[in-house]
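So the chains spell out like this:
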Amino acid sequence: MRIALVGDKTYPERWLPLLRGRLPGDEVIVADGHCADDVDVALVGTLQGEELVGARSLKLVQCLWMGVDDLLARVVLPDAAPLARMVDPSMVAAMTEMVVSAVLDHHRHLYAYRTQQREQRWAYVPQRRAAERRVAILGMGALGRAAAGALRAFGFGVSGWSRSPRSVPGVAMHCGDDGGHAAAAGADFLVCLLPLTDRTSGVVNAALLARLSAGAGFANFARGAHVIDEALLGALDSGQVVHAWLDAFAVEPLPPEHRYWNHPSVTVTPHMAARTVPATAIDVAIDNIERVRRGEPPLHLVDQRAGY
Ligand code: NDP
C-alpha cells in the first residue's frame, strides 16, 4: 500500500521512522501539498482545505488528532474514504490525569492555598469529603467515560451528558438538548469534554454556569468555542465559579491582551491536555491500516453528519 503523511504538524521526523519500521512492505511518503491519486491511506494533520481532492484511491483518512472539528469545517473530504480519528489509550490516560488534577486542585483548595502562600497567610479552608461532591462531565465519550471512572475511584459523585441515551455504571446520565443543564444542576465541578459541533458551540454559557453549586470549579479541556468567555468571566468575578482550568481557547495561542492570562481565578495551559504522541499513537494508526488491508472497517470512525 502507499501511505502518505499529509498536511502541517504531521512531524515526519517522528512518524516516518515509526511507520517505515512497522510497515516494511509498504511505501510511506510525505505528501508534497496534495495527496496523490495512488495513495491508499492518508495520515492527516492540519489541512488547509483541498489537499485530499483528487486522491481517488484513498481507503482511509486517519486523522492524527482526537478532535476533527477543524478538519470537518475546512477540508474537502473524499466521498468514498472513511474518516477515522485518533483514539489512543495513552491520550485518554493523559486527559484523565488532567481532569483528576483540576478536580483535586479544586476539592483540596490548592488554588486558594497558592494565593495564601503568596500572601504568607496561614489559614485552613474547611475540608469536605469527595463523596460530598459531584462532578458534572459534558461529553461522555472516550475521554468523559475514562475521567468518570477515575473520579468515581476517588469517591466523587459524577453526572454526565451525552447526545444519545447512555448507561455508564455509577454515573447519573442525562441526554438530549436539556441534558447538560440537568447534569450541571447543583454540581460542584463542571468539566467540558465535548466535541465541537454546531450543537455544542457556546454550550458553556451564563445559564449553564448558573446551574452549578455556588463556588464550583470549571475545566475546559475540549475546545475554546464551547465557552462563552464573557459568561465565564462574569461567573468568575461573581464567585459563582471559584476557579477555572482552561486548556483550549477560541483563539490560540491565547492573545496577550486576553483577560484569562492575568485573572487570579484562572489557570491557563497551552492546549496540552492530551497531545498526540507518535510513539503510542502509531499502534492505533497501524491497527487501522491493517484493518483496511484485511478489508475490515477501521476503528473510531467519524460520523460526519453528527460532526464528531
Ligand atoms: P467522543 O466522540 O468519544 O465523545 C463525545 C461525547 O460527547 C459523546 O458522549 C457524545 O454523545 C457527546 N456529545 C456530542 N454531541 C453532543 C451534544 N450535542 N449534546 C450532548 N452530548 C454530546 O469524543 P472524545 O471523548 O474522544 O473527545 C472529545 C473532545 O475532546 C474532542 O472532540 C476534542 O475536541 C477534545 N480533545 C481535547 C484535547 C486537548 O488536548 N485539549 C485532546 C483530545 C481531545 P454520544 O455518546 O451520544 O455520542
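Residues numbered from 1 in each chain as written. Predicted model: local features only at pLDDT ≥ 70, side-chain atom pairs only at ≥ 80, totals over all residues. Heavy atoms only, no water.

(A) Region of the structure containing the site of the ligand. Around the ligand, a shell composed of 27 residues is seen, among which Arg85, Leu143, Ser164, Arg166 and Tyr308 lie nearest. In the environment of the ligand, an oxygen atom lies 3.1 Å from a nitrogen or oxygen atom belonging to the backbone of glycine 141. Measuring from an oxygen atom of the ligand, one finds a side-chain N or O atom of tyrosine 308 at 2.5 Å. Mapped onto the shell around the ligand, the elements with two or more residues apiece are α5 (142-154) and β7 (157-162). (Near = heavy atom within 4 Å. Polar contact = N/O pair within 3.5 Å; in protein donor to acceptor, adjacent residues only side chain to side chain. Helix = DSSP H or I, 4+ residues; strand = E, 2+ residues; numbered from the N terminus.)

(B) Local environment of the sheet that holds strand β4 (residues 60-63). Within the open sheet, the five strands sit side by side as β2-β1-β3-β4-β5. Their pairing is parallel. Sheet topology places β2 (27-30) and β5 (83-84) at the edges, where each strand pairs with a single neighbour. Taken together, the two bridges between β4 and β5 define a ladder with parallel strand orientation. Each residue of the ladder has a partner; that of glutamine 62, found in β5, is alanine 84. Sheet strands touched by helix α1 (residues 12-22): β1 (2-6), β2 and β3 (41-44). Its angle to β2, the strand with the most contacts, is close to 170°. Lying on the sheet, helix α10 (residues 278-293) is in contact with β1, β3, β4 and β5; it crosses β4 at an angle near 170°. (Pairing = 2+ DSSP bridges. Contact = heavy atoms within 4.5 Å. Axes fitted to C-alpha atoms, helices over the stretch in contact; angles between N-to-C directions.)

(C) The arrangement of the packing of α1 against α10 in detail. Between α1 and α10, the least distance of the axes is 10 Å, while the angle of their chain directions is 45°. On the basis of their axis angle, the class for α1 and α10 is oblique. Like other packed secondary-structure pairs, α1 and α10 cross with a definite hand, here right-handed. Residues Arg14, Trp15, Leu18, Leu19 and Arg22 of α1 lie in contact with α10, whose contacting residues are Pro278, Ala279, Ala281, Ile282, Asp283, Ala285 and Ile286. Class assignment of the residues belonging to the contact of α1 with α10 gives a composition of nine nonpolar, no polar and three charged. (Parallel < 35°, antiparallel > 145°, perpendicular 65-115°, else oblique. Left-handed = near helix turned anticlockwise from the far one by under 90°. Nonpolar A, V, L, I, M, F, W, Y, C, P; charged D, E, K, R; others polar.)

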